[in-house]
Amino acid sequence: QVQLVESGGGLVQAGGSLRLSCAASGRSFSNYHMGWFRQAPGKERGFVAGISWNAGSTYYADSVKGRFTISRDKAKNTVFLQMNSLKPEDTAIYYCAAARSFLPRVTPTLYDDWGQGTQVTVSS
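None of the values given here were measured: they were computed from a predicted structure.

### Focus on the overall build of the chain
Piece 1. The helix and strand inventory of the chain stands at zero helices and eleven strands.
Piece 2. In sequence order, the chain lays out its α and β elements as β-β-β-β-β-β-β-β-β-β-β.
Piece 3. Its C-alpha radius of gyration of 13 Å places the chain within 12% of the 14 Å reference for a compact globule of 124 residues.
Piece 4. In the chain, which comprises 124 residues, the proportion classed as buried is 44%.
Piece 5. If you sum the accessible surface of the chain, you get close to 6,200 Å²; carbon and sulfur atoms cover 49% of it.

Right, here's the structure in full:
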């Protein structure tokens, strides 16, 4: 089983930046895709960004393209989400997830392991 621990959330003003981290442990992550999802109150959990652990290829939801960047540090088994130009609508709990897959995954139910989440609040 994979353990995922997110950190880096907080309160920031609109236009500001935050960097989320996801420390992963428990096994080798070769052939995994890692993803970031978010869930706002009263809304379903939605895809934000994903990355292939081996190749480092990335993909994003349209709502965050050009503002968010996902990356990984293989030596530290950590995935990052750099969030710039934050907007109030980015306010949500952000979750890190791992999928045992060669292919990109954007659907939450296709991910196998989840972190506990970290709160991001963007004030206007």
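### Brief notes about the pattern of salt bridges
Piece 1. Under the counting rule described, the total for this entry stands at five salt bridges.
Piece 2. Taking the shortest distance from any N to any O, the salt bridge between Arg67 and Asp90 comes out at 2.7 Å. Taken together, the residues span a long stretch of sequence, with Arg67 in the loop between strand E6 (58–60) and strand E7 (68–73) and Asp90 in the loop between strand E8 (78–83) and strand E9 (92–100) at a distance of 23 residues. By the burial criterion, Arg67 is buried, and Asp90 matches it.
Piece 3. Residues joined in a network through salt bridges with shared partners are Arg38, Arg67 and Asp90.

### Here's the deal with the sheet that holds strand E1 (residues 3–7)
Piece 1. Pairing is antiparallel in the open sheet, where four strands are placed in the order E1-E3-E8-E7. In this open sheet, the two strands that pair with only one neighbour each are E1 and E7. Between one strand axis and the next, the sheet turns through 15° on average, direction left out of account.
Piece 2. The pairing of strand E3 (residues 18–25) with E8 spans six bridges and is classified as antiparallel. The residue of E8 that forms the bridge with Ala23 is Thr78.

### A word on the pairing of E8
Regular strands have side chains that alternate between both faces of the sheet.
Piece 1. Of all six residues in E8, five are buried, a share of seventy percent or more.
Piece 2. Of the pairings in the sheet, the one linking E7 to E8 comprises six bridges and is antiparallel in character. Bridged to Arg72 within E8 is Val79.
Piece 3. Counting the residues between successive antiparallel strands, the hairpin from E7 to E8 contains four residues, one of them, Asn77, with a positive phi of roughly 50°.

### Quick notes on the environment of Ala99
Piece 1. You can see Ala99 is positioned in strand E9.
Piece 2. Overall, Ala99 belongs to the buried group, its relative accessible area being 0%.
Piece 3. With 64 residues separating them in the primary sequence, Ala99 and Gly35 have C-alpha atoms 7.9 Å apart.

### A few points about the environment of Asn31
Piece 1. Along the chain, Asn31 falls in the loop between E3 and strand E4 (32–39).
Piece 2. Taking the relative accessible area as the measure of exposure, Asn31 reaches 38% and is therefore partly exposed.
Piece 3. Along the sequence, Asn31 and Ala97 sit 66 residues apart, while their C-alpha atoms lie 14 Å from each other.
Piece 4. Those residues in contact with Asn31, other than ones at most four positions away along the chain, are Asn54, Ala99, Arg100, Ser101 and Phe102.

Calculation rules
- Residues numbered from 1 in each chain as written.
- Predicted model: local features only at pLDDT ≥ 70, side-chain atom pairs only at ≥ 80, totals over all residues.
- Heavy atoms only, no water.
- Helix = DSSP H or I, 4+ residues; strand = E, 2+ residues; numbered from the N terminus.
- Rg over C-alpha atoms; globule rule 2.2 N^0.38 Å.
- Buried < 20%, exposed > 50% of the residue type's maximum accessible area, 1.4 Å probe, protein only.
- Areas by Shrake-Rupley, 256 points an atom, 1.4 Å probe, with all protein chains shown as cover.
- Salt bridge = Lys/Arg side-chain N within 4 Å of Asp/Glu carboxyl O.
- Pairing = 2+ DSSP bridges.
- Axes fitted to C-alpha atoms, helices over the stretch in contact; angles between N-to-C directions.
- Contact = heavy atoms within 4.5 Å.

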